[in-house]
Amino acid sequence: SISAGEALAQFRAVQAHPATILTLVGIVVLSYSAYVKGLPAEAAITVLMLIIGFAWYALSPRKVDVLDGLGSTMLTFIWIGVLGSYAMLLAAPRSFPNRHGMALLAGAVVITILNDTGALFIGRWIGRRPLVAMSPNKTREGFIGGALITIIGSAIILPHMSPWTTLHAVEVALVLSFVVPMGDLFESLIKRTLGIKDMGRVLPGMGGLLDRVDGLLFAMPAMYYLAHVLHLG
């Protein structure tokens, strides 16, 4: 909810009109429903959110561009609410036997931290070529170095947690080494569109909470589906 609040505040700062209360309540309801009911709740709550959101603006006493208001509302809900709710799906006892989902969730966090940290240090050390034009601070060298550190670190750390094996750690780390930077780049695109440097100031000198979990938001659904594809847990 803190991350969603940061995003909604930035949308309001550029004169967009997201339905703040509706979005925050929708994210809380989605998280709880995902934990209790599992994956089917994702689609049901998202559809319900869209319908209620349309009614919210249709019945509003003031004239608001529905693309402006509903667009920023649903973007925040899907980006932070839907992607983030996969953490609840991983943690839910019904998703994986023997509470293995908690180990998978922890693994996704470890991999994300390894990738973010590795890309940061390698990029600052030898980074020269920008990865993409919209985010010149992220370099190709940082991307490659971050991926290598992620794979090696995961192979060392994750097998100590059941049901992780060295092979599964390497496979998941390889995939998430591409997915995690996508989350970072996605937020960079949003910030560039809004004309801001950070999403918030919750963490002094580090920006907002959303700036720290942007890659993890993309990692969670990838981890959930990889766990099923690779029969982890």
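Everything discussed here concerns the structure shown above.
Note that the structure is predicted; figures quoted are calculated from it, not measured.

Caption draft 1: Spatial organisation of the overall build of the protein. Across its full length, the protein holds eight helices and two strands. Taken from N to C terminus, the helices and strands of the protein fall in the order α-α-α-α-α-β-β-α-α-α. The C-alpha radius of gyration of the protein comes to 19 Å, within 12% of the 17 Å expected for a compact globule of 233 residues. When the backbone C-alpha atoms are referred to their principal axes, the protein occupies close to 60 × 45 × 25 Å. Here the protein holds 233 residues, and the buried ones make up 48% of them. Contacts in the protein between residues far apart in sequence, at least 24 positions, make up 68% of those at least 6 positions apart.

Caption draft 2: Quick peek at the side chain of Asp214. Tracing the chain through its elements places Asp214 in helix α8 (residues 209–229). The side chain of Asp214 sits in the buried core without any salt bridge; Lys191 is the nearest counter-charge, 5.7 Å away.

Caption draft 3: Examining the packing of aromatic side chains more closely. Per the counting criterion, the structure on display carries seven aromatic pairs. The interplanar angle of 70° and the centroid separation of 5.3 Å between the aromatic rings of Trp79 and Phe186 together place this pair among those described as edge-to-face. One end of the pair, Trp79, is in helix α4 (residues 66–91); the other, Phe186, is in helix α7 (residues 166–194), and 107 residues separate them in sequence. With a centroid separation of 5.5 Å and an interplanar angle of 70°, the aromatic rings of Tyr86 and Tyr224 are classed as edge-to-face. Remark: Tyr224 occurs in helix α8 and Tyr86 occurs in helix α4; sequence separation between them is 138 residues. When sorted by exposure, Tyr86 lands in the same class as Tyr224, which is buried. Grouped by ring-pair contacts, the aromatic residues Tyr86, Phe96, Tyr224 and Tyr225 constitute a single cluster.

Caption draft 4: Structural view of a nonpolar patch on the surface. On the surface, Ile144, Leu148, Ile152, Ile156 and Ile157 cluster together into a nonpolar patch covering about 490 Å² of accessible area. Structurally, Ile157 is set in helix α6 (residues 140–157). Ile157 gets classed as partly exposed once you look at its relative accessible area, which sits at 38%.

Caption draft 5: Inspection of the environment of Val213 at higher detail. When you line up the elements, Val213 lands in helix α8. Considered as a pair, Val213 and Ile113 are 100 residues apart in the sequence and their alpha carbons are 9.6 Å apart.

Caption draft 6: Spatial organisation of unusual backbone geometry. Across the junction of Ser162 and Pro163, the peptide omega takes the value 15°, indicating a cis bond. Among the secondary structure elements, Pro163 is positioned in the loop between α6 and α7. One non-glycine residue, His231, lies in the positive phi region at around 60°. Looking at the secondary structure, you find His231 in the segment after α8.

Reading guide: rules and limits
- Residues numbered from 1 in each chain as written.
- Predicted model: local features only at pLDDT ≥ 70, side-chain atom pairs only at ≥ 80, totals over all residues.
- Heavy atoms only, no water.
- Helix = DSSP H or I, 4+ residues; strand = E, 2+ residues; numbered from the N terminus.
- Rg over C-alpha atoms; globule rule 2.2 N^0.38 Å.
- Buried < 20%, exposed > 50% of the residue type's maximum accessible area, 1.4 Å probe, protein only.
- Contact = heavy atoms within 4.5 Å.
- Lys, Arg positive; Asp, Glu negative; His and termini not counted.
- Salt bridge = Lys/Arg side-chain N within 4 Å of Asp/Glu carboxyl O.
- Phe/Tyr/Trp six-rings, centres within 6.5 Å; stacked < 30°, edge-to-face > 60°.
- Patch = residues over 30% accessible without salt bridge, like charges linked within 9 Å, V, L, I, M, F, W, Y side chains within 5 Å.
- Areas by Shrake-Rupley, 256 points an atom, 1.4 Å probe, with all protein chains shown as cover.

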